[in-house]
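Survey of secondary and tertiary structure
Next come the chains, spelled out residue by residue.
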Amino acid sequence: MPTLRTQIEINAPRVVVWEALMRKEEWRRWNTYLFDGDPALAMQPGQEVFLSVRRLEDDEFTDFEPVITLVQPQICLQWIAKMPGFRSEHSFELQDLSPTRTLYTHQERFKGILSTVFLPFIRQDEKRGMKRMARQLKRYVERREYRQYRREKRDRSYRF
């Protein structure tokens with residue numbers, strides 16, 4: 001089964017990276033590859049979400065409606081997008097490298113008879129988009145402003 005995969009080391013704890021991935025309403029601030037059409041929908045197993053992908057930064061959006069298949073907080077998020085003859089399985093995995101460093105892995109597997117038709121046309125652009133998202137996620141969570149936001153959010157939650 002054809003698979004695309006990208007990894008990047010992020011200088012932030014896994015919980016911080018996870019929070020950035022799960023805050024879909026913020027994706028447009030840092031992510032030029034993947035967009036959420038309805039950020040109010042929760043990322044929970046069985047939930048259909050409305051996403052758009054832009055493989056190249058100056059490209060048109062491609063809309064799709066995957067179903068969330070797995071949410072393991074701070075570890076893994078997976079979804080499946082299907083159409084007759086084609087299936088795409090996305091996974092985002094986080095692993096601790098140290099208490100303050102995380103390995104982010106984004107993987108996409110393709111199945112179905114039509115994957116042999118579509119994949120040659122999108123493989124390079126899809127891989128570039130996945131790498132771009134990884135770099136942008138890294139920049140976003142390592143930015144001082146994001147760390148400050150998290151501190152302020154934590155401090156507000158402790159006030160009575």
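Relevant structure appears above.
Fair warning: this is a prediction, and the values are worked out from it, not measured in the lab. (Residues numbered from 1 in each chain as written. Predicted model: local features only at pLDDT ≥ 70, side-chain atom pairs only at ≥ 80, totals over all residues. Heavy atoms only, no water.)

1. Notes on the packing of helix 1 (residues 14-22) against helix 3 (residues 115-142)
Helices that pack against each other are described as a pair by the angle of their axes relative to one another and the distance between those axes. Closest axis-to-axis distance for the helix 1/helix 3 pair is 10 Å, and the angle between their directions is 115 degrees. Viewed along their axes, helix 1 and helix 3 form a crossing whose handedness is right-handed. Within the contact between the two elements, helix 1 uses V16, V17, A20 and L21 and helix 3 uses M133, L137, Y140 and V141. (Axes fitted to C-alpha atoms, helices over the stretch in contact; angles between N-to-C directions. Helix = DSSP H or I, 4+ residues; strand = E, 2+ residues; numbered from the N terminus. Left-handed = near helix turned anticlockwise from the far one by under 90°. Contact = heavy atoms within 4.5 Å.)

2. Let's talk about the sheet that holds strand 3 (residues 51-53)
Pairing is antiparallel across the open sheet formed by 3 strands, whose spatial order is 2-3-4. Of all strands in the sheet, those with a lone pairing partner are strand 2 (34-36) and strand 4 (62-64), marking the two edges. On average, adjacent strands in this sheet sit at an angle of 25 degrees to one another, irrespective of strand direction. Inspection of the sheet shows strand 2 paired to strand 3 by 3 bridges, in the antiparallel sense. Looking at the pairing, L34 lines up with V53 of strand 3. (Pairing = 2+ DSSP bridges.)

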